[in-house]
Amino acid sequence: MWTITITKKRWKQFAIGAGITLVVIVIFFKMLNLPINNNINSAMPKSRHEFETIYERQQRLIEEQRLELQRTKEELTRLQDDLRALQSNTPRKYPKVKYLNYKNRKRILITGGAGFVGSHLVDNLMLAGHEVIVVDNFFTGRKRNVAHWLGHENFELIHHDIVNPLFIEVDEIYHLASPASPPHYMLNPVKTIKTNTMGTINVLGLAKRVMARVLIASTSEVYGDPTVHPQPESYWGHVNPIGPRACYDEGKRVSETLSYAYAKQEKVQVRVARIFNTYGPRMHMNDGRVVSNFILQALRNETITVYGNGKQTRSFQYVDDLVDGLISLMMSNYTQPVNLGNPVEHTIEEFAFIIKELVGGHSKVERTDAMEDDPQRRKPDINRAKKYLNWEPKVPLKMGLLRTIDYFRKELERSDRYAANSKKYFESHDLERSQKHYQFDTDNG
Ligand SMILES: O=c1ccn([C@@H]2O[C@H](COP(=O)(O)OP(=O)(O)O[C@H]3OC[C@@H](O)[C@H](O)[C@H]3O)[C@@H](O)[C@H]2O)c(=O)[nH]1
């Protein structure tokens with residue numbers, strides 16, 4: 001009895017197994033689109049001709065599917081374009097700006113407003129409820145820095161080079177236009193001098209015509225390689241007038257001279273900020289200054305390059321502190337130059353290790369050739385700013401650096417993503433299409 005039970009069970013298992021196998025075979029042939037008869041042998045091609053017919057049918061099917069996929073891709077691209085167009089027509093969401101009545105709301109021009117410092121100043125003044133007009137030639141500035149305000153009723157962006165005159169109505173002008181990073185300003189020294197001389201004359205001329213108050217962004221570089229330490233505003237500086245940095249140093253010195261000449265002769269209200277080394281988000285990846293170089297090198301695990309023996313010093317302020325200082329100076333009645341900087345001083349070598357530690361990774365710190373005429377010690381005396389503006393920097397170095405590292409980490413991810421997407425795009429057959437369009441356009445002149 002027991003034996004019979006086992007046999008029955010086995011028989012049942014065999015039947016189920018056979019059933020499943022049959023179903024699998026049927027599905028397989030269905031997938032191949034072959035005729036299925038009860039007799040499996042009849043599904044097999046019987047002749048070479050029949051085999052070729054089946055093969056051709058399969059090829060047609062594959063081709064149809066490829067075309068379908070291409071159509072779907074095209075449809076997706078079209079939908080993406082539609083979405084983009086819709087987004088550009090839909091009112092955008094802006095950061096909430098304060099309401100200022102007509103009496104308190106000012107029209108403020110910021111030359112170089114799409115740059116690193118300028119764009120932070122734009123944010124601050126926009127949020128405070130003012131009307132802001134940015135003028136930039138986009139040599140080092142980027143539309144992306146102010147893109148979040150495009151279309152806002154209080155905001156205007158003008159692509160203009162300030163070496164050419166500008167005729168607009170404004171109440172205040174922050175004149176920030178000029179490359180500020182040594183490799184950038186040395187790239188085209190003549191242009192740097194023109195921007196800081198002719199550009200400043202145009203700005204002061206505009207200020208005179210419309211009776212606007214103007215703040216000139218000068219620099220710690222007017223002290224050159226200082227022989228007085230720390231540097232008070234009363235120090236006249238130690239500048240090589242024909243060295244590689246002269247286009248900037250002397251350019252800014254003339255800019256200051258012009259400001260006080262216009263103040264004396266034309267009664268223009270001028271404010272002069274001597275800006276010390278500043279860092280923060282929105283610095284360009286190719287800025288070339290020490291903060292961006294060191295952070296990017298550390299994030300990429302590359303060698304951190306210290307120019308010279310690394311014993312030269314700098315004092316670094318976070319961009320938010322600078323912007324507060326600039327606005328306080330513009331609002332004050334104080335007319336003499338004011339240093340805006342953080343007096344905490346570090347050697348560049350120390351600074352390299354601070355960044356290495358904050359970023360992590362396994363970069364080495366190495367010394368390379370020194371920069372010609374590199375100022376050896378720099379630290380602002382900020383007593384004037386404390387006394388007349390009630391201003392001093394608030395953001396500690398580590399906090400500011402962590403924010404900046406976070407920004408550069410995202411910038412790196414963004415540029416990697418961009419490179420990968422662009423590679424994918426140009427490898428796809430869309431390239432053929434865009435080339436055809438291009439061909440078509442050029443064929444038509
Ligand atoms: O990769 C680098 C870059 C820079 N450095 C050194 O780091 C120090 C700072 O150099 P930066 O290029 O950041 O800036 P600098 O202090 O020379 O000039 C700056 O001064 C104040 C501002 O007005 C300007 O933004 C800029 O001119 C220099 O001693 C430079 O030689 C490095 O050791 N390695």
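Before any of the text, the structure's been laid out above.
One structure accompanies this document, and this report is about it. This one's a predicted model, so the numbers in the text were calculated from it and none came from an experiment. (Residues numbered from 1 in each chain as written. Predicted model: local features only at pLDDT ≥ 70, side-chain atom pairs only at ≥ 80, totals over all residues.)

**So, the nonpolar core**
The cut-off we apply is this: Under the definition applied here, buried Ala, Val, Leu, Ile, Met, Phe, Trp, Tyr and Cys residues are grouped into a nonpolar core through C-beta atoms within 7 Å. Exposure in this text rests on C-beta crowding, where 20 or more other C-beta atoms within 10 Å of a residue's own make it buried, 12 or fewer make it exposed, and counts in between make it partly exposed. The C-beta atoms are placed from the backbone. Residues are defined as contacting one another if the C-beta atoms placed from their backbone atoms lie within 7 Å.
Ranked by size, the top nonpolar core spans 69 residues in total, and within it Val 214 and Leu 326 carry the most contacts. Apart from the residues lying within four places of it in its own chain, the contact partners of Val 214 are Ile 173, His 175, Val 203, Leu 204, Ala 207, Val 268, Gln 269 and Val 270. In terms of nonpolar packing, the next biggest core, distinct from the first, is built from 6 residues, Ala 180, Tyr 185, Ala 246 and Tyr 248 among them.

**With respect to helix α7 (residues 290–299)**
What counts, and what does not: Working definition: helices are DSSP H or I runs of at least four residues, strands are E runs of at least two. Numbering for both runs from the N terminus.
Along α7, 9 of the 10 residues are buried, which leaves the element largely enclosed by surrounding structure. Where α7 is concerned, the buried positions are Val 290, Val 291, Ser 292, Asn 293, Phe 294, Ile 295, Leu 296, Gln 297 and Ala 298. Immediately beyond the C-terminal end of α7, within one or two residues, lies Asn 301, with a positive phi of roughly 55°.

**Comments concerning the packing of helix α9 (residues 348–359) against helix α11 (residues 397–427)**
The condition that has to hold: For helices, the fitted line uses only the C-alpha atoms of the stretch in contact; every axis is such a line through C-alpha atoms, and the angle between N-to-C directions lies from 0 to 180 degrees. Angles are sorted into four bins: roughly parallel if under 35 degrees, roughly antiparallel if over 145, roughly perpendicular if 65 to 115, and oblique for all others. Crossing handedness: left-handed means the near helix sits turned counterclockwise from the far one by under a right angle, and right-handed means the same turn made clockwise. Classes in brief: Ala, Val, Leu, Ile, Met, Phe, Trp, Tyr, Cys and Pro nonpolar; Asp, Glu, Lys and Arg charged; the others, Gly included, polar.
The interhelical angle for the contact between α9 and α11, taken along N-to-C directions, is 60°, at an axis separation of 11 Å. Considering their axes alone, α9 and α11 lie oblique with respect to each other. For the crossing formed where α9 meets α11, the hand is right-handed. Taken together, the residues of α11 that come into contact with α9 (itself represented by Ile 355, Leu 358 and Val 359) are Lys 398, Leu 401, Leu 402 and Ile 405. Of the residues assigned to the contact of α9 with α11, the class counts are 6 nonpolar, no polar and 1 charged.

**A few points about the pairing of strand β2 (residues 131–136)**
This is how it is decided: Following DSSP output, two strands are said to pair if at least two bridges run between them.
The element β2 is largely enclosed, with a buried count of 5 among its 6 residues. As judged from the 5 bridges shared by β2 and strand β3 (residues 155–159), these two strands associate in the parallel manner. Note on β3: the bridge partner recorded for Asp 136 is His 159.

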